[in-house]
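# Residue-level structure breakdown
One letter stands for each residue in the lines below.
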Amino acid sequence: MAGHSKWANIQHRKGRQDAARSKLFSKLAKEITVAAKMGDPDPDKNPRLRLAVKEAKSQSVPKDVITRAINKASGGDAETYEEIRYEGYAPGGVAVIVEALSDNRNRTASNVRSTFSKLGGNLGETGSVQFMFDRMGQVIYAASVGDADTVMEAAIEAGAEDVESDADGHVIWCAADDLNEVSTALEDSLGEAETAKLVWKPNITNDLDQEAAEKVLRLINALEDDDDVQNVTANFEMSDEVMAALSA
């Protein structure tokens, strides 16, 4: 899965560099509010909220924005968001999972379906592509925290299942239910992670050429531009040559 590791890192950096900050902050704040509303407003007592706050901090969301998002959960004006997952196919048969937080299911479904249709994809039924992914915890560290052996040792001691290390950094994988515990243990040994969150990890991947990759990325970018969409995951890989061409 080294290729996927590279893609995860590239996608992570691209998000930092290219995403409109206000839109990104809004999505992260929404996740914080939902997590705080569903559980305890204290991150130390609410694993989902703790991870949401950690992710917001990794994206440089200001402390006052995080605090407002938490406080909003207990206020009378807090919107009620529904967690919705959509599944479908991008051009070339690439499987796509879209995670949304919406206060209007009909609006979100219509927008997601329209985006798939306009950009050569097909929206499927729930469960139609989920079998191609595993729900896992993902913790990413910069390469500077240590060499592969050091990070592997720390990951094993923290209870992680696998580590992918390359020149771009270290991607540590763990069971979804163990993410809070593993990420906390890793903080003690390696310091603050770049990101720690639940993801859909592909167990089957498609290797794309440049033309196919451009089509798939066009769909993913359009889906991510929707205010209701929180995360988009697809099961594809690209060669170094294709990634270089797309970055040119």
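Values in this document were obtained by computation on a predicted structure and should not be read as measured data. (Residues numbered from 1 in each chain as written. Predicted model: local features only at pLDDT ≥ 70, side-chain atom pairs only at ≥ 80, totals over all residues. Heavy atoms only, no water.)

For the rest of this paragraph, the subject is the packing of aromatic side chains. Per the stated rule, a full pass over the model turns up 0 aromatic pairs. Between Lys201 and the ring centre of Trp173, over which it is positioned, the NZ or CZ distance is 4.3 Å. (Phe/Tyr/Trp six-rings, centres within 6.5 Å; stacked < 30°, edge-to-face > 60°. Lys NZ or Arg CZ within 6 Å of the ring centre and 35° of its normal.)

Attention now goes to helix α5 (residues 105-118). When the terminal C-alpha atoms of α5 are compared, their 20 Å separation across 14 residues agrees well with the 20 Å that a helix rising 1.5 Å per residue should span. For α5, the full list of buried residues reads Thr108, Ala109, Val112, Thr115 and Phe116. Considered in projection along α5, the buried side chains sweep an arc of 135° and stay on one side of the axis. For α5, exposure combined with an orientation more than 90 degrees from the buried face picks out Asn106, Ser117 and Lys118. Packed against the buried residues of α5 are β1 (82-90), β2 (94-102), β3 (122-124), α8 (210-224) and β9 (229-234). The N-cap of α5, judged by a side-chain oxygen 3.2 Å from the amide nitrogen of Asn106 a few residues on, is Asn104. Positive backbone phi, approximately 80°, marks Gly120, located one or two places after α5. (Helix = DSSP H or I, 4+ residues; strand = E, 2+ residues; numbered from the N terminus. Expected span 1.5 Å × (residues − 1). Buried < 20%, exposed > 50% of the residue type's maximum accessible area, 1.4 Å probe, protein only. Arc of directions from axis to C-beta. Contact = heavy atoms within 4.5 Å. Polar contact = N/O pair within 3.5 Å; in protein donor to acceptor, adjacent residues only side chain to side chain.)

By size, the foremost hydrophobic cluster in this structure holds 24 residues, and its most contacted members are Val96, Leu223 and Phe236. Among the elements that take part in this core, α8 stands out by supplying 6 residues, more than any other. (Core = buried A, V, L, I, M, F, W, Y, C linked by side-chain atoms within 4.5 Å.)

Let us now look at the side chain of Asn235. With respect to the helices, strands and loops of the structure, Asn235 is situated in the loop between β9 and β10 (236-238). Only 2.9 Å separates the side chain of Asn235 from the backbone oxygen of Ile204, close enough to count as a polar contact. Setting aside anything within four residues of it in sequence, one finds Asn235 in contact with Val94, Ala95, Met132, Phe133, Pro202, Ile204, Thr205 and Asn206.

Summed over the entire model, instances satisfying the criterion amount to 16 salt bridges. Between Asp103 and Arg107 there is a salt bridge whose closest N-O contact spans 2.8 Å. Across the pair Arg107 and Asp228 runs a salt bridge, and its minimum N-O distance is 2.9 Å. Of this pair, Arg107 sits in helix α5 while Asp228 sits in the loop between α8 and β9, and the two are 121 residues apart along the sequence. Residue Arg107 is classed as partly exposed on the basis of its relative accessible area of 34%. For Asp228, a relative accessible area of 7% gives the class buried. Residues joined by salt bridges that share partners form a network here, namely Lys30, Asp103, Arg107 and Asp228. (Salt bridge = Lys/Arg side-chain N within 4 Å of Asp/Glu carboxyl O.)

Once that is clear, we can look at the packing of helix α2 (residues 21-38) against helix α3 (residues 47-58). Two numbers describe how α2 lies on α3: the axes approach to 8 Å, and their chain directions differ by 165°. Viewed along their axes, α2 and α3 adopt a mutual orientation that is roughly antiparallel. The two elements α2 and α3 cross, and the hand of that crossing is left-handed. Every residue of α3 that contacts α2 at Leu28, Glu31, Ile32, Val34, Ala35, Ala36 and Met38 is listed here: Arg48, Leu49, Ala52, Val53, Glu55 and Ala56. Among the residues forming the contact of α2 with α3, the class breakdown is 10 nonpolar, no polar and 3 charged. (Axes fitted to C-alpha atoms, helices over the stretch in contact; angles between N-to-C directions. Parallel < 35°, antiparallel > 145°, perpendicular 65-115°, else oblique. Left-handed = near helix turned anticlockwise from the far one by under 90°. Nonpolar A, V, L, I, M, F, W, Y, C, P; charged D, E, K, R; others polar.)

What follows is about the packing of α3 against helix α7 (residues 179-190). Where α3 contacts α7, the axes come no closer than 10 Å and their chain directions differ by 50°. Taken together, the axes of α3 and α7 are oblique relative to one another. Here the hand of the crossing between α3 and α7 comes out left-handed. Two secondary-structure elements touch here, α3 through Pro47, Arg50, Leu51 and Lys54 and α7 through Leu179, Asn180, Ser183, Thr184 and Glu187. For the contact of α3 with α7, the class distribution of residues is 3 nonpolar, 3 polar and 3 charged.

Once that is clear, we can look at the environment of Arg107. For the pair formed by Arg107 and Glu82, sequence separation is 25 residues and the distance between their alpha carbons is 12 Å. Ignoring sequence-local partners within four residues, the contact set of Arg107 consists of Ser102 and Asp228. A polar atom in the side chain of Arg107 sits 2.8 Å from the side chain of Asp103.

Further remarks concern the sheet that holds β3. Across the sheet, which stays open at both edges, the 4 strands sit in the order β3-β1-β2-β9 with antiparallel pairing between neighbours. Since the sheet does not close on itself, it has two edges, and those belong to β3 and β9, each with one partner. Sheet twist, expressed as the mean angle between neighbouring strand axes with direction ignored, is 25°. Pairing of β2 with β9 involves 5 bridges; the strand directions are antiparallel. (Pairing = 2+ DSSP bridges.)

By themselves, these figures tell us nothing about what the structure is for.
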